[in-house]
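# Residue-level structure breakdown
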Amino acid sequence: MQLKTILPASRLKGSVVVPGDKSITHRALLLGAISSGTTRIFSFSRGKDCLSTLNCLKQLGIDIRLSPGSDPHLTIQGKGPDGLAAPASILDAGNSGTTLRLLSGILSGQAFPSRITGDSSLKRRPMDRILLPLRRMGAEISSLDGSGKAPLSIRPSVLTGIRYTLPVASAQVKSAVLLAGLYAKGKTSICESIPARDHTERMLSAFGGNISTKKRPKGGLITTLVPSVPLLGRDVPVPGDISSAAYWIGAALLLPGSRLFLPRVGINPTRTGFLTVCRRMGGDLTFSRTQTFLGEPCADLLIRHSLLKGTVVSPEEIPSLIDELPMLAVLAAFARGETVLRGIGELRFKESNRILSIVSNLRAMGVSVSFTEEEICIHGKQHPSGAAFSSYKDHRIAMAFAIAALAAATPSTLDDWECCSISYPGFFREIDRLQDL
Ligand code: S3P
């Protein structure tokens, strides 16, 4: 096991170019593969999760090349909707739920059988949430051992569009159904009461797909895809990942005297809950130079150290900050007063059970925390001490508690820290660089 010692830090100053958005990179790879023509992906995520999507697509006969140079990018020769080839062996999504769930939607519409699996963490995560709607569309998709979990087996079938109300706010489920909808007879509609991230919808539209989203009279959104039109490859400039930016935002807010500049961070409104909550806690965060690339807004962020106060985060806010909850919990530990995170049940089904991972690491710092299956209540502390943190082999837990360690009163250790490369290779090098500035 790799153990890292992390010492308390003083201020962080400078600028950080955060990695390209992981969710957008996955979608650009997948849509590029099934579109006609060439797709080029700039500022793409180099994390292991996106590499899993890339390798699965290579196994499905797609030509993807890295063009290095001053503006490195991935070039995909799209083969159109029916151009994927039968894989010679089982596809491996690694640690990536997005790869497994989104690709299953596409594989459900293919004329060849396939199987897809993942690592031990992914094999523990629920897949019945995609099996159910995909089967309703006519897909012959099943869990190999009948547990509702990966490995999954998919056989050729005829798909029909459905109208589906998401039982949980999940962009992965929504996207799996929409991608299968590209291969279905008739239209596919998704109803959401609390909207999850909408990158699939935005990119389908940018690639020429016939997709629209409307407000429903009784609240929530309905998205409808009509699958008749072919998708056309595009250049995709990927904005910086707001979920990776969250660690630097957290670090700058916590360490006295800090001032960090983060250029070109994605601010898609379905992803900005963390920024809203940080401001509500008293965080000094400003945006400038807002621009939109291929339907995705981004801006430069400036964050200054701030004294934080506790807050209540409501269930409606959770989908817009779902991946930032570990960092938010760390901020709450250092804030004045109590913070309550409500409606967080989905955290149990992430790369680790994030409710337990967060609670045990916060308690190791001497922070008082109570929790249920849906809620965490954190009592902020003046000077939490350092601790022996565990990452639970979960990249977001590793990075959130690395920042906690920088802000803690005494030294800490962190195990299995290299899992940060799932979304952020080079994260710890960046910590060292910012302290040297
Ligand atoms: C993602 C959706 C979210 C998020 C995950 C990435 C995506 O998962 O937690 O990291 O790219 O669609 P859910 O759909 O399970 O909420």
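Note that this is a predicted model, so its numbers are computed, not measured.

Cut-off values and rules
Residues numbered from 1 in each chain as written. Predicted model: local features only at pLDDT ≥ 70, side-chain atom pairs only at ≥ 80, totals over all residues. Heavy atoms only, no water. Buried < 20%, exposed > 50% of the residue type's maximum accessible area, 1.4 Å probe, protein only. Helix = DSSP H or I, 4+ residues; strand = E, 2+ residues; numbered from the N terminus. Contact = heavy atoms within 4.5 Å. Polar contact = N/O pair within 3.5 Å; in protein donor to acceptor, adjacent residues only side chain to side chain. UniProt positions renumbered as here; feature names shortened; annotations may be inferred. Phe/Tyr/Trp six-rings, centres within 6.5 Å; stacked < 30°, edge-to-face > 60°.

With that settled, the discussion passes to helix H10 (residues 354-364). Among the residues of H10, Arg354, Ile355, Ser357, Ile358, Val359, Asn361 and Leu362 are the ones counted as buried. Tucked inside the fold, the buried residues of H10 contact helix H9 (325-334), strand S20 (368-371), strand S21 (375-379), strand S22 (388-389) and helix H11 (395-407). Where H10 begins, the capping side chain belongs to Asn353, and its oxygen is found 3.1 Å from the backbone nitrogen of Ile355. Trailing H10 by a residue or two, Gly366 shows a phi angle of about 85°, which is positive.

Per the UniProt record, "binding site: phosphoenolpyruvate" (unreviewed entry) is found at Lys22, Gly97, Arg125, Gln172, Arg354 and Arg396. On the basis of relative accessibility, which here comes to 9%, the residue Lys22 falls in the buried class. When sequence neighbours within four positions are dropped, the list of residues in contact with Lys22 reads Ser45, Asp49, Cys50, Asp241, His395, Arg396, Ile422 and Ser423. Summarising the element assignment, Arg125 is placed in the loop between strand S7 (114-117) and helix H4 (128-136). Accessibility expressed as a relative area gives 4% for Arg125, which makes it buried.

To continue, consider the packing of aromatic side chains. Per the counting criterion, the structure on display carries seven aromatic pairs. Both rings, one in Phe427 and one in Phe428, keep their centres 5.1 Å apart while their planes meet at 90°; by these two values the pair is edge-to-face. What links up through ring pairs into an aromatic cluster is the set Tyr247, Trp248, Trp417, Tyr424, Phe427 and Phe428.

Attention now goes to the UniProt feature "domain: Enolpyruvate transferase" (unreviewed entry) in the protein chain. UniProt's entry tags residues 9-430 with the feature "domain: Enolpyruvate transferase" (unreviewed entry), counted in the numbering of this structure. Its end C-alpha atoms 13 Å apart, residues 9-430 is made of 29% helix and 26% strand.

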